[in-house]
Amino acid sequence: MANQDWFDRDFYKSLGVASDATAADVKKAYRKLAKDLHPDKNPGDAQAEKRFKEISEAYSVLSDPDQRKEYDAVRAMSHGRARFTAGSGPSGGFSDDVFSGFFSRQSGRQAPGGFSNQGGNISVEDLLSGMFTGGGGPGNFGQAPPRVGTDVEATTTLTFRQAVEGDTVSLRRGDGSTITARVPAGVKDGQKIRLRGKGNPGPAGNGDLILIVSVQPHPLFGRSGDDLTVTVPVTFAEAALGAQIAVPTFDGSTVTLKLAPGTPSGRVLRVKGKGVARKDGSAGDLLVNVSVAVPQKLDGAAREAVEAYAAATAGDDPRAGLLEAARSA
């Protein structure tokens, strides 16, 4: 609600916007500043915390059309543009419309809203206290509409599968009650989800619940955006000679991939549509990282075969040119 402190506050300057800025401009400016000044990003910075509170207060007023009108009216008065004159005739000015109902031409008459005009002495503070605190001014001018309840932040930990596929979670409030919320498919670790109407109650409805998600790692799969990742080991023979290999997918099935002869360790193969589902019905991909497995122990015929291979390729040096390249840099 409006208050007398508004006389000394320039909310437009706090957000760095012009007084005729659109609602979209106000919102954009606030979001940019809030991102830079948020206490989580500036731990222990008292100045940043003070500025964050300042822009939050400014945005709470300027983002509400009714409060912004009241604030603009107060600013107009504080800059000397309002005329504290009585009268019922049209003047085209703000003050004549607002204050004509408060002041009576007849000395000693009680003005509407409980203000006495005896002697013609009514302070601006007395007048504003009636206008902006739900006082009995004409039509309760300046009375703010009922507000929704405040937002609430909560955290929840999901398994990797819950995050990819979506799930319903139950959260316990401080008062012991439980909130059931649907977490959509595809949420990421650290993501914030706004659940409408799940916050604290208020006269005009509930606020929102801001749910901060923490995702546990999966023993096999990883994630890169909407793509899932998996590392698949292959034998030296499969990589060198080429092969067809079975690769597990997140839905529990498998796909068969063809390795070309000479596939190196670290090559990534892409399986279309086997990643995280998107809102539009499409899905990311499965990225398969090929890893050539080196035997930890060789015995008998296997060892003899590797030794024979080493002898047959003795003239090949995969590190040729490394030293020269290092010296030339």
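Because the structure is a prediction, the values reported are computed rather than measured.

**Some remarks on the sheet that holds strand β6 (residues 192-195)**
Sheet architecture is open: three strands sit in the order β3-β7-β6, paired in mixed fashion. Two strands bound the open sheet, and with one partner strand each, they are β3 (152-158) and β6. Within this sheet the neighbouring strands show an average axis-to-axis angle of 30°, counted without direction. Sheet topology note: the β6/strand β7 (residues 209-215) ladder contains four bridges and is antiparallel. Within β7, the residue paired with I193 across the bridge is L211.

**Notes on the nonpolar core**
Counting 34 residues, the largest nonpolar core has V247, L286 and V288 as the members making the most contacts within it. Once you skip the residues sitting within four places of it in the chain, V247 turns out to touch V230, V232, S253, T254, V255, L257, L286 and V288. W6, V17, Y30 and L37 belong to the second largest nonpolar core, which has 20 residues in total.

**Some points on the confidence of the model for the chain**
Taken over all residues, the pLDDT of the chain has a mean of 79, while the share at 70 or more is 77%. Confidence drops under pLDDT 50 across residues 80-139; counting only partners more than four residues distant or on other chains, this segment forms 85 contacts.

**Focus: the side chain of D227**
By secondary structure assignment, the location of D227 is in strand β9 (residues 227-234). For D227, a relative accessible area of 17% corresponds to the buried category. A distance of 2.7 Å separates the side chain of D227 from the backbone nitrogen of D285, its partner in a polar contact. Setting aside its immediate chain neighbours within four residues, D227 contacts G222, R270, G284, D285 and L287.

**Brief notes about the packing of helix α2 (residues 23-37) against helix α3 (residues 46-62)**
One way to put it is that α2 packs onto α3 with a least axis distance of 10 Å and a crossing angle of 160°. When the axes of α2 and α3 are compared, the pair comes out roughly antiparallel. The crossing of α2 and α3 is left-handed. On α3, the residues touching V26, K27, Y30, L33, A34 and L37 of α2 are A48, R51, F52, I55, S56, Y59 and L62. By residue class, the composition of the contact of α2 with α3 is 10 nonpolar, one polar and two charged.

**Brief notes about the packing of aromatic side chains**
The geometry of an aromatic ring pair is captured by the separation of the ring centres together with the interplanar angle, meaning the angle of the planes. Scanning all chains against the criterion turns up six aromatic pairs. When the centroid spacing of 4.2 Å and the interplanar angle of 5° are considered together, the rings of Y30 and Y59 count as stacked. A residue pair is termed long-range when its members are at least 10 positions apart, and Y30 in helix α2 and Y59 in helix α3 qualify at 29 residues. Considered together, Y30 and Y59 belong to a single accessibility category, that of buried residues. A centroid spacing of 5.8 Å and a plane angle of 70° characterise the contact between F160 and F250, whose relative ring orientation is edge-to-face. Of this pair, F160 sits in helix α7 (residues 160-165) while F250 sits in the loop between β10 (243-248) and β11 (254-259), placing them 90 residues apart in sequence. The exposure class of F160 is buried, given its relative accessible area of 9%. In this structure an aromatic cluster arises from ring pairing among F11, Y12 and Y71. Between R161 and the ring centre of F250, over which it is positioned, the NZ or CZ distance is 4.0 Å.

**Considerations on the sheet that holds strand β12 (residues 268-271)**
Spatially, β8-β9-β13-β12 is the arrangement adopted by the four strands of the open sheet, whose pairing is mixed. For this open sheet the edge positions go to β8 (221-224) and β12, each flanked by a neighbour on one side alone. Neighbour-to-neighbour, the strand axes of this sheet turn through a mean angle of 30°, independent of strand direction. Pairing geometry for β8 and β9, over four bridges, is antiparallel. Along β9, the bridge assignment pairs S224 with D227.

**A short note on the pattern of salt bridges**
Counted by the stated rule, this structure contains 16 salt bridges. Across the pair R196 and D208 runs a salt bridge whose closest N-O atoms are separated by 2.9 Å. Taken as a pair, R196 in the loop between β6 and β7 and D208 in the loop between β6 and β7 lie far apart in primary sequence, 12 residues in all. A relative accessible area of 9% means that D208 is categorised as buried. A salt bridge links R278 to D226; the shortest N-O distance between them is 2.9 Å. In this pair, R278 is assigned in the loop between β12 and β13 (286-292) and D226 in the loop between β8 and β9, connecting sequence segments 52 residues apart. Ionic contacts of the salt-bridge type, sharing partners, join the residues D151, R194, R196 and D208 into one network.

Quick notes on the rules
- Residues numbered from 1 in each chain as written.
- Predicted model: local features only at pLDDT ≥ 70, side-chain atom pairs only at ≥ 80, totals over all residues.
- Heavy atoms only, no water.
- Pairing = 2+ DSSP bridges.
- Helix = DSSP H or I, 4+ residues; strand = E, 2+ residues; numbered from the N terminus.
- Axes fitted to C-alpha atoms, helices over the stretch in contact; angles between N-to-C directions.
- Core = buried A, V, L, I, M, F, W, Y, C linked by side-chain atoms within 4.5 Å.
- Buried < 20%, exposed > 50% of the residue type's maximum accessible area, 1.4 Å probe, protein only.
- Contact = heavy atoms within 4.5 Å.
- pLDDT = per-residue confidence, 0-100.
- Polar contact = N/O pair within 3.5 Å; in protein donor to acceptor, adjacent residues only side chain to side chain.
- Parallel < 35°, antiparallel > 145°, perpendicular 65-115°, else oblique.
- Left-handed = near helix turned anticlockwise from the far one by under 90°.
- Nonpolar A, V, L, I, M, F, W, Y, C, P; charged D, E, K, R; others polar.
- Phe/Tyr/Trp six-rings, centres within 6.5 Å; stacked < 30°, edge-to-face > 60°.
- Lys NZ or Arg CZ within 6 Å of the ring centre and 35° of its normal.
- Salt bridge = Lys/Arg side-chain N within 4 Å of Asp/Glu carboxyl O.

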